[in-house]
Amino acid sequence: MYKIMMFTGGVYKFSELKERIHDIGGFILQEMVMQTETMMHLAFPEEEERIIRDKAKQTGGKLKELPLAGAEIMVVVPSLGKHHAVDPMCDIAEFLRRKGAITNMMGLARGVGKRIAQITTREKEIIEECDAAVFVFGDFKECLEVKSKICESIDVPYIITGGEPEVKIEHYVGNIGRKTARMRHREEIDMLEILTEKIESLIDDRRRELDEDPLATSPLFMKEILDLVLPPKAGEEFSTIMQLEGLRVKIEAGDEEKLKNVEIGKRKLSDICVIKKSEYDGYILKILPEAVTGNVF
Amino acid sequence: MEVKVEGGGEFCDASYEKICMTTLRDISLESNIDSVYMNCNAAEHVFIISVKIGRVQSPITVSDMTIKGDERLTVTTETYVPKLLDLLWDRYGEKVEQISRLEIALKIDDDEMQKLMSQVVYDPRVDLNTRILDGIDRILPEGARVRQPIRSTGRITIIASENPIKEEWKENAKAMLSKMTKGDL
């Protein structure tokens, strides 16, 4: 199992830290050097944590755990109107990003109201491309109870947030609801923490399932190879997004064949992955279990 | 501005009170509204909001927001500058030039300048109803798109729901209004 953390610190011995990560079989997921400040998302084998911690201490930097790293989460609101955006939708997304997740935000076409709230098949498919979803609904208990039914058909783990503190809905986090200002008070931050913990536990459950039936290769390794074979364009960020079971790859039109033929170990990428054009952005690569593909290396 | 929300439960009432306050403050209506009463019935999905209009600022004239100089106006209140420039360009065309952020040059004679100083730049009463309706639209739940206004003097009252408005709700709203007028609510 790989552990994903964030390093923040100065440039002193930064290259040595990077070398050490590669030496122990780790990966650098994201790196930013801003004059004398550095920020890096790194993944390394769990058992090597001590080595990384020691090296980080030597450089005078800090390591922070990213419990949601490697997961793509969709934040869904009933509409993109002023009633839901920017607060609390962006506050939730920002908080999830601070915990390491890659977030997308989505407004439903007909998600407003109680009886009239709907979700389309395409919206459902887009949400299901992600590892988890957070539905941000309004204040009223009666509306939440009826509206939660539109989420039942979703096939990925999800959390419903609303205003009323106690509602009998599965995976519900209350005390959020409609907001007209940024969630910056202590009690609001606490609610966001609770929300993150709940998502974390859902993601951990999925990770455990994957451990029992391991994938043919790690998405981390696949990302490293794809970034070499299909390098991102200048200025482009996040051309390859990690998911629990694969990757979202943003490639140019015409590169599909090149993508299918990328060699991963002894096999072609198309042999060990289900490649699907995303309804939203790029291509979704779902890595098949090792039990299906056999040994890749 | 007094805000009272009922019928939604403890959390929702408090939340909507905050939404009313901040929304109306954001669109600068706080001082023009005396009170807001909102009744939420989420079970039937019907929301009644009633806004009592308070004192409205008197019209802003050119002399209220500028100081007259020699063939020029110096702006003292920047808020209404776009409206002032609109008025000046409309009346004097190329004779008007905005020299800097707060300086406007005008090639007109003294008599004309004198007349200009008493011209109304912006009358807040003109678009007050529109601004209040915009505020109400921001406050009411987005799904409650079927709206029915209830007529009364000095108040704007709206019934909103996602379902067709029933006669019973209209009667309830009217009863609430009469209570509010008497000061019972």
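Residues numbered from 1 in each chain as written. Chains lettered and ligands numbered in written order. Predicted model: local features only at pLDDT ≥ 70, side-chain atom pairs only at ≥ 80, totals over all residues.

## Describing the packing of helix α1 (residues 10-26) of chain B against helix α5 (residues 128-139) of chain B
Helix packing geometry: the angle between the two helix axes and the distance between the axes.
All names here are of chain B.
Move 1: Between α1 and α5, whose axes approach to 9 Å, the crossing angle comes to 145°. Crossing geometry of α1 relative to α5 is assigned as right-handed. Contacts between α1 and α5 involve Ile-19, Cys-20, Thr-23 and Leu-24 on the former and, on the latter, Gly-135, Arg-138 and Ile-139. (Axes fitted to C-alpha atoms, helices over the stretch in contact; angles between N-to-C directions. Helix = DSSP H or I, 4+ residues; strand = E, 2+ residues; numbered from the N terminus. Left-handed = near helix turned anticlockwise from the far one by under 90°. Contact = placed C-beta atoms within 7 Å.)

## Structural notes on the domain arrangement of chain A
Move 1: Domain annotation for chain A reports domain 1 (2-65), domain 2 (72-209) and domain 3 (219-293).
Move 2: Taking only C-alpha atoms, the centre of domain 1 of chain A and the centre of domain 2 of chain A are 32 Å apart. (Domains from an automatic or database assignment.)

## Re the confidence of the model for chain B
Move 1: In the predicted model, chain B carries a mean pLDDT of 92, and the fraction of residues at 70 or more is 99%.
Move 2: This complex was scored by the predictor with a pTM of 0.89 and an ipTM of 0.86. (pLDDT = per-residue confidence, 0-100.)

## Some details on the pairing of strand β10 (residues 146-150) of chain B
Side-chain positions along a regular strand alternate between the two faces of the sheet.
Residue and element names in this part refer to chain B.
Move 1: Of the strand pairs in this sheet, β10 and strand β11 (residues 155-161) are connected by five bridges, and their pairing is antiparallel. For Ile-150, the partnering residue across the bridge sits in β11 and is Thr-157.
Move 2: Where β10 hands over to β11, the hairpin turn is made up of four residues, of which Gly-154 adopts a positive phi near 75°. (Pairing = 2+ DSSP bridges.)

## A word on the interface of chain B and chain A
Move 1: Each partner contributes to the interface: chain B provides 17 residues, whereas chain A provides 24 residues.
Move 2: The greatest single-element share of the side of chain B that touches chain A, amounting to seven residues, is contributed by α1 of chain B.
Move 3: Counted by class, the side of chain B that touches chain A contains six nonpolar, seven polar and four charged residues. (Nonpolar A, V, L, I, M, F, W, Y, C, P; charged D, E, K, R; others polar.)

## Quick look at the sheet that holds strand β6 (residues 102-107) of chain A
All names here are of chain A.
Move 1: Spatial strand order, β6-β5-β7-β8-β9: five strands in an open sheet with parallel pairing. Both outer strands of the open sheet, β6 and β9 (172-173), are each paired with one neighbouring strand and no more.
Move 2: Relative to β9, strand β8 (residues 158-161) is paired through two bridges, and the arrangement is parallel. Bridged to Ile-160 within β9 is Tyr-172.

## Considerations on the nonpolar core
Across soluble globular proteins, nonpolar side chains show a tendency to be buried alongside one another.
Move 1: The biggest cluster of nonpolar side chains holds 84 residues, and the ones touching the most others in it are Ile-73, Val-76, Ile-92, Ala-133 and Val-134 of chain A together with Ile-49 of chain B.
Move 2: If we skip the residues at most four places from it in the chain, Ile-73 of chain A touches Leu-96, Ala-101, Thr-103, Cys-130, Asp-131, Ala-132, Ala-133, Val-134 and Ile-199 of chain A.
Move 3: Membership of the second largest hydrophobic core comes to 15 residues, among which are Ile-241, Leu-247, Ile-284 and Ile-287 of chain A. (Core = buried A, V, L, I, M, F, W, Y, C linked by C-beta atoms within 7 Å. Buried ≥ 20, exposed ≤ 12 C-beta atoms within 10 Å, placed from the backbone.)

## Describing the domain arrangement of chain B
Quoted interface sizes are often the accessible area lost when the parts come together.
Move 1: As far as domains go, chain B holds domain 1 (2-56 + 126-182) and domain 2 (60-122).
Move 2: Here domain 1 of chain B and domain 2 of chain B have C-alpha centroids that lie 39 Å from each other.

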